[in-house]
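The residues making up each chain are set out below.
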Amino acid sequence: MTTFARMAAVAALSAAALLPESLPAHAGSVTQPGETVGLAAGAPLPEGVYAVNTADYGCRNTSPDSTCVGVDIPVLAWATPVFLFGGRLQLLTAVPVVGVGVQNGDYTSGFYNPFFAAQVAWDLGNGFGFSYMAGFYLGVNTGVAFDSTSFNQRFALSYTADGWNLTANAIWGIQANGVSNTINPNFLNVDLTATKKFGKFEIGPVAYYSTDLNNPIPFYQKQSQFAIGGLVGYDFGPVILQAYLTTDVYEQNYGGNDTRLWGRIIVPLWNPPASTQQTALLHK
């Protein structure tokens, strides 16, 4: 096993999209593209309670002014002692905060859609792990959130032997409502990680892809993007820090490329005594 970074952080905002004035608000993925980069989301956690906070800030070079989005995603995860079909049951929740602004223009911030999920993660042996997560974002009306509830499924495969973290995490979102005050497409995100640990350090390339899967209303322009970057992390003992920088190399209907700086802190809050030795193995 690798580090506590194998868990899946959750929630957040997609980058703001430029749309015709006749269309209401912004659209895109409810799950922020790239938010699970760096996490071995396919591998099960040792039993315990974990806090993961992922924050990021970046700007999309829209014209005439850049559109900037800042996100903070605090996640609480409980790796339970329960096993379903041979996989560990893990429960996660998050209540993100988002700030959105246009350079030399308006700025707004507030709570984003709360996220609640259950995940089953299997240790397949030989360094491989697979997980399935099912959850939902609760619709809220805060000015920066989607006001419709959406169903969220995640399928992650990880290889974590010999200090590697090779992970692909596919995130499929389905809107429960059509159109209210926002445009709500179904979406697919794929977050990719290929890092290697050298002692306490972790380094390697990362990438993510996102695309809308449908046209929720007439004249809607489906959005997609692909971003690449690099990650560096350090294991301090129980606390792990990660940082990564990403930039779009392809975008469609977002109005410009997005460049974004991410930071993450991972803290184990509690492990039962029987798991103490197993938890220590994560840092060897």
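Here, every reference points to the structure presented above.
Residues numbered from 1 in each chain as written. Predicted model: local features only at pLDDT ≥ 70, side-chain atom pairs only at ≥ 80, totals over all residues. Heavy atoms only, no water.

K.L.:
What is the right way to look at the overall build of the protein chain in this model?
P.N.:
In terms of helices and strands, the protein chain carries one helix and 14 strands. Expressed as a percentage of the 284 residues in the protein chain, the buried residues total 52%. Across the protein chain, every contact between residues at least 6 apart in sequence was considered, and the portion connecting residues at least 24 apart equals 62%. A total of about 11600 Å² of accessible surface is found on the protein chain, and carbon and sulfur atoms cover 65% of it. (Helix = DSSP H or I, 4+ residues; strand = E, 2+ residues; numbered from the N terminus. Buried < 20%, exposed > 50% of the residue type's maximum accessible area, 1.4 Å probe, protein only. Contact = heavy atoms within 4.5 Å. Areas by Shrake-Rupley, 256 points an atom, 1.4 Å probe, with all protein chains shown as cover.)

K.L.:
Explain the packing of aromatic side chains to me, please; I cannot follow it from the model alone.
P.N.:
What describes a pair of aromatic rings is the distance from one ring centre to the other and the angle between the planes of the rings. Summed over all chains, the structure comprises ten aromatic pairs. Ring geometry for W122 versus F130: centroids 6.2 Å apart, planes at 25°, classification stacked. Overall, W122 belongs to the partly exposed group, its relative accessible area being 21%. Residue F130 is classed as partly exposed on the basis of its relative accessible area of 29%. Counting every residue linked through ring pairs, the aromatic cluster contains F201, Y234 and F236. Note that K196 overlies the ring of F198, its terminal NZ or CZ placed 5.3 Å from the centroid. (Phe/Tyr/Trp six-rings, centres within 6.5 Å; stacked < 30°, edge-to-face > 60°. Lys NZ or Arg CZ within 6 Å of the ring centre and 35° of its normal.)

K.L.:
How should I be thinking about the state of the cysteines in this particular structure?
P.N.:
Two cysteines joined by a covalent bond between their sulfur atoms form a disulfide. According to the stated counting rule, one finds one disulfide in the structure shown. In this model, C59 is linked to C68 through a disulfide, with the two sulfur atoms separated by 2.0 Å. Negative torsions about the S-S bond denote left-handed disulfides, and the value of about 105° found for C59 with C68 makes this one right-handed. (Disulfide = S-S within 2.5 Å.)

K.L.:
Explain the nonpolar core to me, please; I cannot follow it from the model alone.
P.N.:
A general tendency of soluble globular proteins is for nonpolar side chains to be buried together. With 24 residues, the main nonpolar core has V30, V75, V98, Y112 and F115 as its most contacted residues. At the level of elements, β2 (67-84), β3 (87-94), β4 (97-102), β6 (115-125) and β7 (128-137) are the ones that each hand at least two residues to this core. Ranked by the residues each element gives to this core, the list is headed by β2, at five residues. V37, V206, A227 and Y244 belong to the second largest nonpolar core, which has seven residues in total. (Core = buried A, V, L, I, M, F, W, Y, C linked by side-chain atoms within 4.5 Å.)

K.L.:
Would you mind showing me how to read the environment of Q32 here?
P.N.:
Summarising the element assignment, Q32 is placed in the segment before β1 (48-60). Counting along the chain gives 39 residues from Q32 to V71, while the straight-line C-alpha distance between them is 9.1 Å.

K.L.:
Looking at this model, I keep getting lost on the pattern of salt bridges. Mind explaining?
P.N.:
Charged atoms that come close allow side chains of opposite charge to pair. Overall, the coordinates contain five salt bridges when judged by the stated rule. Across the pair D248 and R60 runs a salt bridge, and its minimum N-O distance is 3.0 Å. Taken together, the residues span a long stretch of sequence, with D248 in strand β13 (residues 240-252) and R60 in strand β1 at a distance of 188 residues. Take D248: its relative accessible area is 5%, and that puts it in the buried class. A salt bridge links D258 to R260; the shortest N-O distance between them is 3.0 Å. The same class applies to D258 as to R260, namely buried. Several salt bridges share partner residues, and in doing so they unite D56, D258 and R260 into one network. (Salt bridge = Lys/Arg side-chain N within 4 Å of Asp/Glu carboxyl O.)

K.L.:
Sorry, what's going on with the pairing of strand β12 (residues 224-235) here?
P.N.:
In summary, the side chains of a regular strand alternate between the two faces of the sheet. Inspection of the sheet shows strand β11 (residues 201-212) paired to β12 by eleven bridges, in the antiparallel sense. Within β12, the position partnered with A207 by the bridge is I228. Bridge analysis of β12 against β13 gives twelve bridges, and the strand direction is antiparallel. Bridged to V232 within β13 is A243. (Pairing = 2+ DSSP bridges.)

K.L.:
For this particular structure, what's the right way to read a nonpolar patch on the surface?
P.N.:
A surface patch of nonpolar side chains, about 480 Å² in accessible area, is lined by L76, W78, L91, L269 and W270. Mapped onto the elements, W270 comes out in strand β14 (residues 258-270). Look at W270 and you get partly exposed, because its relative accessible area is 42%. (Patch = residues over 30% accessible without salt bridge, like charges linked within 9 Å, V, L, I, M, F, W, Y side chains within 5 Å.)

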